[in-house]
Amino acid sequence: MKNLMKLAAIAAVLSFGFASCSSDDDTDNSVVKGSQAALNQACADWKTARANWENTEAFLFGAADVYSIDPHTDTWPVAANDLADVLRDEKAMANLDNFIKTANSGILGYHGLEYVLFRQGQPRDIGQITNLEYNYICAVAKDLYHATATLEAAWDSKESNAERHEIAVNYVATHNAINDDGDAEGALGSFQNFGKAFKTPGTGDWATALEATLEIISGCQDIIGEVGDSKIGLPYTGEDATYIESPYAYNSITDFYDNIVSCKNALYGKVDATTPLEESLIYFCQNAGNATLAAQAKTVMTKLDAALAKIKAMKAPFALYYSDASCKVAIDALGELDDALGLLAETLAGYAGNATVEKQCQNINENYVDRVVLATYRTLADNAQKLYQSIQKIKN
C-alpha cells in the first residue's frame with residue numbers, strides 16, 4: 001500500500017533532501033550526540049528488516065490488510081513537509097508513541113525511518129541528525145516492531161509466543177484502520193488468528209482448502225502486478241517520476257527483487273527454497289496427473305526465474321535510472337510471469353469440489369502457513385526488534 005501524497009513529497013524525492021525545521025526560532029535543532037558507527041549499524045539493520053518485509057509481500061492478505069499494517073509500515077513517497085511539521089509540533093513530539101498510532105501513514109514505517117537515516121544510498125552524517133529526528137525515529141521503529149510482531153502473532157496458529165501475542169492484541173486495540181489518503185479511519189476491531197483460519201476451511205475468509213490455495217497464487221499476482229505496473233512502471237513511463245520506492249537508501253531494485261522472491265517462497269513452499277517442496281503448490285501441480293497443469297507449473301518456474309534475473313539486471317540505482325531500457329525488460333518479464341500464474345490458477349480452479357484435491361490443498365496450506373508465512377513474519381519481527389534496538393543506540 002503506497003499512499004499518493006505526491007504534492008508533499010515531490011521536492012524531497014527529487015532533491016533527496018530533508019525538509020529543514022530551522023526557520024522556526026523556537027524549534028530545537030540541536031544535533032544528537034552519538035556515533036557514526038552506531039548510525040551505520042542502524043542503516044545496515046534497516047536493510048535487513050527491509051528485505052524481510054519485502055519477502056512478505058506475496059501474502060499481504062489477512063492481517064497485513066485487515067489491520068492496515070501494510071499502509072501503516074510501507075507507505076511512500078514520504079510526506080516530507082508533514083514530517084517537518086510534526087518535528088515542530090510540541091504536542092505530537094511530547095507523546096510520540098500515541099501520536100504515531102493514528103498519524104498519517106506517509107510519515108511512518110520503513111520510509112519514515114529511511115528518510116532520516118539515509119542520503120543518496122549512504123548512511124547520513126551523524127552530525128546532521130537532530131535530537132528531534134532521533135526521538136521521532138525511536139518511536140517509529142518501536143511502532144514498526146509492534147506491527148511486525150502483530151503479523152507474526154496473527155499467523156501463528158499455535159499462538160506460541162506469549163509476549164508477541166500480547167503486543168498484537170494491544171496493537172489491534174490501539175491502532176486504527178487507514179483510508180486511501182493514509183489517514184486513520186475507525187477502529188480495527190478485535191484480534192483474530194489468520195493462521196488458524198487459513199488452515200481450517202470454513203472458519204474464516206476461506207470456505208474451502210482449494211480456495212485458500214488459490215489465494216496463494218492471487219497474493220503472488222498482486223505483488224507481481226504492483227512491481228511491474230506501479231513500482232517500476234509509473235516512474236519508467238513518466239506517469240509519476242516521484243513514485244520511487246526506497247529512494248534515499250537506493251534500495252529500490254533490491255526491494256523489487258525481494259518482492260518476487262516472496263512469490264518463489266510462497267509457490268515453492270519454503271523460505272529460500274530452490275526447488276519446490278513436496279508440500280508446495282508447484283509440486284502438487286507438477287504431480288497431479290494433469291498434463292496441462294504440469295506444463296503450466298513448469299512455465300511458471302521458468303518465468304519466475306526470468307523475472308528475478310531481469311530485475312537483478314536493471315541499471316542501478318533505480319532512483320537515478322528509472323527511465324533506463326532495462327526497466328521495460330523487467331516489466332515485460334513480470335507481465336509474462338503474471339500471465340503464467342493466471343493460467344495455472346484457472347486450471348487449478350477446475351478441481352473445485354474434488355475431495356482428493358481438497359486433501360492435498362489442506363497439506364499445501366498448512367505447510368504454507370508454517371514454513372512460509374509464519375517463518376517469514378517471525379524473522380521479520382526478530383529483525384525489526386533489532387532495528388529498533390540499533391536506532392536506540394545511535395544516541396550516546
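The structure displayed is predicted, hence computed values, not measured ones.

Peer 1: In this structure, what is going on with unusual backbone geometry? I would like to understand it.
Peer 2: Most peptide bonds adopt trans geometry, and most residues besides glycine take a negative phi value. Here the amide bond leading from Trp-76 into Pro-77 is cis, since omega sits at -5 degrees, within 30 degrees of zero. Each neighbour pair has its own omega, and for Ala-316 with Pro-317 the value is -5 degrees, a cis peptide bond. As for its placement among the helices and strands, Pro-317 is situated in the loop between α15 (291-312) and α16 (318-321). The phi dihedral of Ser-246 is positive, around 50 degrees, even though this residue is not glycine. Inspection of the secondary structure puts Ser-246 in the loop between α12 (209-237) and α13 (252-268). Phi at Asp-272 takes a positive value of approximately 65 degrees, unusual for a residue other than glycine. Its location among the elements puts Asp-272 in the loop between α13 and α14 (281-286).

Peer 1: Hey, could you run me through the layout of surface pockets in this one?
Peer 2: With a probe scaled to a water molecule rolled over the atoms, the places where space remains empty come into view. The calculated volume of the largest pocket comes to roughly 190 Å³. Contributing to the lining of the largest pocket are 11 residues, with Leu-60, Phe-61, Asp-70, Asp-222 and Glu-226 lying nearest its centre. No other element matches the 5 residues that α12 contributes to the lining of the largest pocket. Here the residues of the lining of the largest pocket are counted per class, giving 5 nonpolar, 1 polar and 5 charged.

Peer 1: What is the right way to read a negative patch on the surface from this model?
Peer 2: A contiguous patch of negative charge, built from Asp-180, Asp-181, Asp-183 and Glu-185, is present on the exposed surface. Relative to the elements of secondary structure, Asp-183 occurs in the loop between β3 (176-178) and β4 (184-187).

Peer 1: Explanation requested: the packing of α13 against α15 in the structure shown.
Peer 2: How two helices pack is summed up by the angle between their axes together with the distance between the axes. For the pair α13 and α15, interaxial distance at closest approach is 9 Å and the crossing angle is 165 degrees. On the basis of their axis angle, the class for α13 and α15 is roughly antiparallel. With respect to the hand of their crossing, α13 and α15 are arranged in left-handed fashion. Taken together, the residues of α15 that come into contact with α13 (itself represented by Ile-253, Phe-256, Tyr-257, Ile-260, Val-261, Cys-263, Lys-264, Leu-267 and Tyr-268) are Val-300, Met-301, Leu-304, Asp-305, Leu-308, Ile-311 and Lys-312.

Peer 1: Explanation requested: the side chain of Ser-280 in the structure shown.
Peer 2: Locating Ser-280 in the fold gives a position in the loop between α13 and α14. Classification of Ser-280 as buried rests on a relative accessible area of 1%. Reaching out from Ser-280, the side chain makes a polar contact with the backbone oxygen of Leu-277 at a distance of 2.6 Å. Not counting residues up to four positions away in its chain, the partners in contact with Ser-280 are Leu-267, Tyr-268, Gly-269 and Ile-364.

Peer 1: When you look at the environment of Asn-367 in this model, what are you seeing that I'm missing?
Peer 2: As for its position among the elements, Asn-367 is in helix α18 (residues 355-392). Taking the C-alpha atoms as reference points, Asn-367 and Asn-170, 197 residues apart in sequence, are found 28 Å from one another. Among all residues touching Asn-367, those that are not within four sequence positions of it are Gly-269, Leu-277, Glu-279 and Val-372.

Peer 1: Help me out: how do you make sense of the packing of α12 against helix α17 (residues 325-349) in this one?
Peer 2: Direction vectors running N to C along α12 and α17 enclose 160 degrees, while the axes themselves pass 9 Å from each other. If you check the angle between α12 and α17, you find them roughly antiparallel. The crossing of α12 and α17 is left-handed. Looking at the contact of α12 with α17 residue by residue, the class counts come to 18 nonpolar, 5 polar and 2 charged.

Peer 1: Explanation requested: the pattern of salt bridges in the structure shown.
Peer 2: Two side chains bearing opposite charge may form a pair once their charged atoms approach each other closely. In the structure shown here, the tally under the stated rule is 19 salt bridges. Of the charged contacts, one joins Asp-85 and Arg-88 as a salt bridge, the two residues approaching to 2.9 Å between their closest N and O atoms. Of this pair, Asp-85 and Arg-88 both sit in helix α5 (residues 80-88), separated by 3 residues, roughly a single helical turn. Glu-152 serves as the salt-bridge partner of Arg-378, at 3.0 Å between the closest nitrogen and oxygen. Here Glu-152 lies in helix α9 (residues 131-155) and Arg-378 lies in helix α18, a separation of 226 residues in the sequence. For Arg-378, a relative accessible area of 30% corresponds to the partly exposed category. The exposure class of Glu-152 is buried, given its relative accessible area of 1%.

Conventions and cut-offs
- Residues numbered from 1 in each chain as written.
- Predicted model: local features only at pLDDT ≥ 70, side-chain atom pairs only at ≥ 80, totals over all residues.
- Heavy atoms only, no water.
- Helix = DSSP H or I, 4+ residues; strand = E, 2+ residues; numbered from the N terminus.
- 1 Å grid on protein atoms, 1.4 Å probe; cavity = no way out; pocket = protein on both sides within 12 Å on 5 of 7 lines; lining within 4 Å.
- Points joined across faces, edges and corners; volume = space filled by probe spheres on them.
- Nonpolar A, V, L, I, M, F, W, Y, C, P; charged D, E, K, R; others polar.
- Patch = residues over 30% accessible without salt bridge, like charges linked within 9 Å, V, L, I, M, F, W, Y side chains within 5 Å.
- Areas by Shrake-Rupley, 256 points an atom, 1.4 Å probe, with all protein chains shown as cover.
- Salt bridge = Lys/Arg side-chain N within 4 Å of Asp/Glu carboxyl O.
- Lys, Arg positive; Asp, Glu negative; His and termini not counted.
- Charge placed at Lys NZ, Arg CZ, Asp CG, Glu CD.
- Axes fitted to C-alpha atoms, helices over the stretch in contact; angles between N-to-C directions.
- Parallel < 35°, antiparallel > 145°, perpendicular 65-115°, else oblique.
- Left-handed = near helix turned anticlockwise from the far one by under 90°.
- Contact = heavy atoms within 4.5 Å.
- Buried < 20%, exposed > 50% of the residue type's maximum accessible area, 1.4 Å probe, protein only.
- Polar contact = N/O pair within 3.5 Å; in protein donor to acceptor, adjacent residues only side chain to side chain.

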